[in-house]
Amino acid sequence: MSNGNDSQKILLQTLLGNKTDQTPVWLMRQAGRYLPEYRELRAKKGGFLELCYDADSAAEVTLQPIKRFAFDGAILFSDILIVPHAMGQDLWFVAGEGPRLAPKLLDASLASLEAAPEHFEAIYATVRTVASQLDDKTTFMGFAGSPWTIATYMVNGQGSKDQAATRRFAYQDEAAFSELIAAIVENTVIYLLGQIEAGVDAIQLFDSWAGSLSPAQFEKWVVAPNAEIISRIKAVHPDLPIIGFPKGAGAKLVAYANETGADAIGLDETVDPVWAHKNLPAELPLQGNLDPLALIAGGEALEKSARHILDIFGDRPHIFNLGHGILPDTPIEHVEKLLTLIRQ
């Protein structure tokens, strides 16, 4: 639930469809490995998951980029795989390789999992801590992974380049896969409502692997489940903005924008801003979409790319962001330069 004077929160006002004097900005994964203060705290905690479940430390990480850069939005420091962890899968992270989940649902049934809702409670504690410390100008965003993306990890037990195992599973046993998606929807709604009650102002739904699906499968496993989540949240909190980010959706963004009920759409770096401005509803707030590699490059490439995005979206509600998460080797001075370009 919103804290402080919402009129001062230019990111929140933009999400509500208002044009503000200054373009609000935040960066996906802004609390992360490119920051020395994050690396220091992570080393002390000993592991990523340990950091996520320590409310004081996770709150500190959430606030680190706000203290350094004064971004207009703070995003909860956590992980999309908290949901399958709370649904009963074991979760751990392998250094240099990423997350692992067990048992993978290629080999085990959904019914075999034993729910662990205490994992949600740990995240709610982080939200409450951040909400109590955040200033009145900063929009606080919670998030969750969307059902398709979460399912790809639950089925395969880890990430993959093309999500082939999960795509095959969805074709071969549609009933079982539908049951899994429904269970993820249910747990995601519970999780997001808990975040809202604990103090977030807005929500982002990350569908990181939406781009791997055919149009028909996209409708079934991306549009429909996200629409259900958004509808159920809006039934309780009708005015709370929800950002949908279906990475890789391309031209399917039109269907996503028109059919999910999302209040704003995040654009990845492969989306042409000119196309998005022309083809997505004129009143719909858009978020994005600087290439994270342009931010690493800096100099003329960064300035030219950023100015192009600002120019194209200048007459509509727009939140400046990257097309995906900030990369660990991003120079801090390039982030500072980007903020100067946006705020001048």
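Residues numbered from 1 in each chain as written. Predicted model: local features only at pLDDT ≥ 70, side-chain atom pairs only at ≥ 80, totals over all residues. Heavy atoms only, no water.

Caption draft 1: Structural view of the overall build of the protein chain. Within the protein chain, the secondary structure is distributed over 15 helices and nine strands. Over its C-alpha atoms the protein chain spans a radius of gyration of 19 Å, differing by no more than 12% from the 20 Å that the globule rule assigns to 344 residues. For the protein chain, the spread of C-alpha atoms along the three principal axes comes to 55 × 45 × 40 Å. For the protein chain, the proportion of its 344 residues judged to be buried stands at 58%. Nonlocal contacts in the protein chain, meaning residues at least 24 apart in sequence, comprise 74% of its contacts between residues at least 6 apart. Each charge class in the protein chain can be summarised by its mean position, and for the 28 positive and 43 negative side chains these summaries are 5 Å apart. (Helix = DSSP H or I, 4+ residues; strand = E, 2+ residues; numbered from the N terminus. Rg over C-alpha atoms; globule rule 2.2 N^0.38 Å. Buried < 20%, exposed > 50% of the residue type's maximum accessible area, 1.4 Å probe, protein only. Contact = heavy atoms within 4.5 Å. Lys, Arg positive; Asp, Glu negative; His and termini not counted. Charge placed at Lys NZ, Arg CZ, Asp CG, Glu CD.)

Caption draft 2: Examining the packing of aromatic side chains more closely. According to the stated counting rule, one finds 13 aromatic pairs in the structure shown. Aromatic pair Phe 120 and Tyr 124: ring centres 6.4 Å apart, planes at 35 degrees, arrangement tilted. Note that Phe 120 and Tyr 124 are positioned in helix α6 (residues 118-133) at a spacing of four residues, about one turn of the helix. You can call Phe 120 buried: its relative accessible area is 5%. According to the relative accessible area criterion, Tyr 124 is buried, its value standing at 8%. Each ring, one from Phe 120 and one from Tyr 191, has its centre 4.5 Å from the other, and the planes form 15 degrees; the classification is stacked. (Phe/Tyr/Trp six-rings, centres within 6.5 Å; stacked < 30°, edge-to-face > 60°.)

Caption draft 3: Examining the packing of helix α2 (residues 36-45) against helix α4 (residues 55-69) more closely. Following both chains from N to C, one finds α2 and α4 inclined at 170 degrees, their axes separated by 10 Å at the closest point. It follows that α2 is roughly antiparallel to α4 by the angle criterion. Here α2 contributes Pro 36, Glu 37, Tyr 38, Leu 41 and Lys 45 to the contact with α4, which in turn contributes Ser 57, Glu 60, Val 61, Gln 64 and Arg 68. The residue inventory of the contact of α2 with α4, partitioned by class, reads four nonpolar, two polar and four charged. (Axes fitted to C-alpha atoms, helices over the stretch in contact; angles between N-to-C directions. Parallel < 35°, antiparallel > 145°, perpendicular 65-115°, else oblique. Nonpolar A, V, L, I, M, F, W, Y, C, P; charged D, E, K, R; others polar.)

Caption draft 4: Inspection of the packing of helix α7 (residues 147-156) against helix α8 (residues 164-172) at higher detail. The interhelical angle for the contact between α7 and α8, taken along N-to-C directions, is 100 degrees, at an axis separation of 8 Å. Here α8 runs roughly perpendicular to α7, going by the angle between their axes. Contact with α7, carried on its side by Trp 148, Ala 151, Thr 152, Val 155 and Asn 156, involves Ala 165, Thr 166, Arg 167 and Phe 169 of α8 and no other residues of that element. By residue class, the composition of the contact of α7 with α8 is five nonpolar, three polar and one charged.

Caption draft 5: View of the environment of Ile 190. Mapped onto the elements, Ile 190 comes out in helix α9 (residues 174-198). Classification of Ile 190 by relative accessible area gives partly exposed; the value is 44%. Counting along the chain gives 103 residues from Ile 190 to Met 87, while the straight-line C-alpha distance between them is 12 Å.

Caption draft 6: Structural context of the sheet that holds strand β6 (residues 242-246). One open sheet accounts for seven strands, arranged β1-β4-β5-β6-β7-β8-β9; its pairing is parallel. Every interior strand has two partners, whereas the edge strands, β1 (73-75) and β9 (318-322), have only one. Between one strand axis and the next, the sheet turns by 25 degrees as a mean value, whatever way the strands run. Pairing of strand β8 (residues 286-290) with β9 involves five bridges; the strand directions are parallel. Paired with Leu 286 across the bridge in β9 is His 318. (Pairing = 2+ DSSP bridges.)

Caption draft 7: Main features of α8. Within α8, the full set of buried residues consists of Ala 165, Thr 166, Phe 169 and Ala 170. The buried side chains of α8 occupy one side of the element, clustering within an arc of 135 degrees when seen end-on. Across α8 from its buried face, at more than 90 degrees, point the exposed residues Tyr 171 and Gln 172. (Arc of directions from axis to C-beta.)

Caption draft 8: Just the nonpolar core, in detail. Membership of the largest hydrophobic core comes to 115 residues, with the highest contact counts inside it found for Phe 71 and Phe 177. At 11 residues, α9 tops the list of elements feeding residues into this core. Not counting the four nearest positions on each side in its chain, Phe 177 is found in contact with Trp 148, Ala 151, Val 155, Thr 166, Phe 169, Ala 170 and Trp 221. (Core = buried A, V, L, I, M, F, W, Y, C linked by side-chain atoms within 4.5 Å.)

Caption draft 9: Seen up close, the pattern of salt bridges. Inspection of every chain in the model, using the stated rule, returns 12 salt bridges. One salt bridge connects Asp 201 with Lys 9, and the closest N-O pair in it is separated by 3.1 Å. In this pair, Asp 201 is assigned in the loop between α9 and β5 (202-207) and Lys 9 in the segment before α1 (10-15), connecting sequence segments 192 residues apart. For Lys 9, a relative accessible area of 2% puts it in the buried group. A salt bridge links Asp 263 to Lys 234; its shortest N-O distance comes to 2.6 Å. Separated by 29 residues along the polypeptide, Asp 263 in the loop between α11 (253-259) and β7 (264-266) and Lys 234 in helix α10 (residues 215-236) bring together distant segments of the chain. Note on Asp 263: relative accessible area 22%, which makes it partly exposed. (Salt bridge = Lys/Arg side-chain N within 4 Å of Asp/Glu carboxyl O.)

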